[in-house]
Structure formats: structure tokens, C-alpha cells
Amino acid sequence: MLAKINNFEIDLSKPIDISIPLTNTDENPIAWYIEKPSIEPVIFGDWIGKVSEGKSSTNFNNIFFNPHGHGTHTECLGHITNDFYSINQSLKQFFFFAKLITVEPEKIGEDFVITKEQIASLITEKTEALIIRTLPNQLEKKSRKYSNTNPPYLSEDAAIFIRESEIQHLLIDLPSVDKEHDEGKLLAHKAFWNVKDTHNLNPDARFSATITEMIYVSDEIEDGDYILNLQIASFENDASPSKPILYKI
């Protein structure tokens, strides 16, 4: 099925999924010091909500997970603010022009950092969404245990550059755009959302901008321009599990 957006043609029958599925196995990626997700049938006395147990006509599971620590998720500025803001209320459009770039974070001291210079060298035209794939790009990203590993992150200057480039949606294959142990500074989050005071938000904070973390972009997907369909679940929460889908232009 073909569709046209601003005279660009995309084939809706060929989606490119860059999300990581959520499972209750040890293959699920984990960040932020929590345990793996739980997907278990509801139990009432001797009744079990699982068809294979022979006591239910349906599979009826409870799911316990954390959107920030258990896989691909999209968050709004409510992730870092004193007042409550919901991703379900912040994200009102779902199709965007997007650019995929590949970056190898630079070694700076004990850290690996994505710098402004790296981003600036790869962004030459305006785009609504930026997707960052980091190197090395092992398949292990889909099941990595990130806690206390000091993963690469985005420098504050890089986040400012992305904001000043008028990019509204940032997607990255890391558990956070910020350093794991940063004493709560959250410099890249604040810079991207233009949040100057988390307790008294400035009027020009970017309420409609989003950050999507823990994606996985396979090596077969080429750098370049795409249409992004950013799908979330309708959670009234600062973040939701999400399913970003790319379409070749």
C-alpha cells in the first residue's frame, strides 16, 4: 500500500521496526537497577488465567514493567519536572520526517560521549526527528543489562545543538541521553527540552518535544531520510512503551 506525504511516496506495507519488544525472559534489556519485567496469568483460588493450564478459556495476564528501564520508550518533559505532564497529552502527532545517523561516541576521560561536532557534521538539512545509532552496534543491545556500566551519552552541547536545529523528536539506542551517574544534573534532558527550572517551568520549555530511548537500529538499515511513525500506548504517565516505525522515502 502506497501513501504520499508532501509529494514523497512511502510503502506502508514495508515498515521498519526499530523498537525492542518487552518480554519476561532474561533476554529483555534492563537499565536503572531493576529486575526483568513480569508477565504472569491472573490467579483466583484454583483458577488460572492461562488456556494451557486447562482452567480458563482465555489467556489473562498481568504485566509489571517500568517503561524507562525495560525497553523502547518515549518520554516527555514530565520525566524531569515537579509538575505532572503526560506523554499521552504531549504527543499529538505521530508521523514525522526523520533522519537516521550513525555515530561512534568519543572517549573523553572515562566516558564515551556523543559530541556537538559529531552531530553537526551529519545534520545538514532541517528534519523533525533525529534517530541516533551508536557504534559499535552489537545485536546484544537488544538484551543488554545496562545498570552500573556507564553507557555512552549525549553531551549538553550536542543536546543544545539538536534543540536549536528545531528537532522535535530525538531517538537514541541508549538507556538515556544523559550520563548514568550524573548527580541528578540531567544536562542533556534539560537542554533538549529547554527546561531551566524543573520546579517553575519557563514558558519556552518544549512541551511537545519527545525523547525515545532504548531503540535498536540494525546494520541493514541505511543512514538517511525516512518517515517516522512514533507509536505510543495511551498512558497518562511521563513515559510510555513505544514502537517507532520507519518507512523509506
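Note that the coordinates shown come from a computational prediction; the quantities given were computed from them, not determined experimentally.

The rules behind each value
Residues numbered from 1 in each chain as written. Predicted model: local features only at pLDDT ≥ 70, side-chain atom pairs only at ≥ 80, totals over all residues. Heavy atoms only, no water. Helix = DSSP H or I, 4+ residues; strand = E, 2+ residues; numbered from the N terminus. Buried < 20%, exposed > 50% of the residue type's maximum accessible area, 1.4 Å probe, protein only. Contact = heavy atoms within 4.5 Å. Lys, Arg positive; Asp, Glu negative; His and termini not counted. Charge placed at Lys NZ, Arg CZ, Asp CG, Glu CD. Phe/Tyr/Trp six-rings, centres within 6.5 Å; stacked < 30°, edge-to-face > 60°. Lys NZ or Arg CZ within 6 Å of the ring centre and 35° of its normal. Core = buried A, V, L, I, M, F, W, Y, C linked by side-chain atoms within 4.5 Å. Salt bridge = Lys/Arg side-chain N within 4 Å of Asp/Glu carboxyl O. Patch = residues over 30% accessible without salt bridge, like charges linked within 9 Å, V, L, I, M, F, W, Y side chains within 5 Å. Areas by Shrake-Rupley, 256 points an atom, 1.4 Å probe, with all protein chains shown as cover.

Enquirer: Which residues make up the overall build of the protein, and what values go with them?
Expert: Helix and strand content of the protein: four helices and 17 strands. When the backbone C-alpha atoms are referred to their principal axes, the protein occupies close to 60 × 50 × 40 Å. Residues classed as buried in the protein amount to 47% of the 249 residues present. Of the contacts made within the protein by residues no fewer than 6 positions apart, 70% connect residues no fewer than 24 positions apart. Separation of charge centres in the protein, based on 23 positive and 38 negative side chains, amounts to 3 Å.

Enquirer: Break down the packing of aromatic side chains for me, citing the residues and quoting the values.
Expert: Tallied over the full model, the rule gives six aromatic pairs. When the centroid spacing of 5.9 Å and the interplanar angle of 20° are considered together, the rings of Phe 44 and Trp 47 count as stacked. Centroid distance Phe 65 to Phe 235: 6.2 Å. Interplanar angle 70°. Geometry classified as edge-to-face. With Phe 65 in the loop between strand 7 (61-64) and strand 8 (73-75) and Phe 235 in the loop between strand 16 (224-232) and strand 17 (239-248), this residue pair connects regions lying 170 residues apart in the sequence. Pairwise contacts between aromatic rings join Phe 44, Trp 47 and Phe 60 into one cluster. Positioned above the aromatic ring of Phe 192 is the side chain of Arg 206, whose terminal nitrogen or guanidinium carbon lies 4.5 Å from the ring centre.

Enquirer: I'd like a rundown of the nonpolar core, residues and numbers included.
Expert: In this structure, Ile 119, Leu 130, Ile 132 and Leu 154 are the most contacted members of the largest nonpolar core, which totals 27 residues. In this structure Ile 132 touches Ile 101, Val 103, Ile 114, Ile 119, Leu 154, Leu 170, Leu 171, Ile 172, Asp 173 and Ile 215, once residues within four positions along its chain are discounted. Counting 19 residues, the second-largest nonpolar core is a separate cluster that includes Ile 18, Ala 98, Ala 129 and Ile 232.

Enquirer: Provide a residue-level description of unusual backbone geometry, including the pertinent values.
Expert: Residue Pro 136 is reached from Leu 135 by a cis peptide bond, and omega for that bond is -5°. Although it is not a glycine, Asn 150 sits at a positive phi angle of roughly 50°. Relative to the elements of secondary structure, Asn 150 occurs in the loop between strand 12 (129-134) and strand 13 (153-154).

Enquirer: I'd like a description of the environment of Leu 174, backed by residues and values.
Expert: Mapping Leu 174 onto the fold places it in the loop between strand 14 (169-172) and helix 4 (187-193). It is 24 Å that separates the C-alpha atoms of Leu 174 and Glu 125, two residues lying 49 residues apart in sequence. The contacts of Leu 174, once residues within four sequence positions are left out, are Ile 114, Thr 134, Pro 152, Tyr 153, Glu 213 and Met 214.

Enquirer: How would you explain the pattern of salt bridges if you had to name every residue and give the values?
Expert: Inspection of the entire model under this criterion finds 11 salt bridges. Residues Arg 144 and Glu 140 are paired through a salt bridge, measuring 3.0 Å at the closest nitrogen-oxygen approach. Since its relative accessible area comes to 19%, Arg 144 is described here as buried. For Glu 164, the salt bridge identified is with Arg 163, shortest N-O distance 4.0 Å. Taking the relative accessible area as the measure of exposure, Glu 164 reaches 57% and is therefore exposed.

Enquirer: Could you give an account of a negative patch on the surface, with specific residues and numbers?
Expert: Together, Glu 106, Glu 117, Glu 156 and Asp 157 make up a region of like negative charge exposed at the surface. Here Glu 106 lies in strand 10 (residues 106-108).

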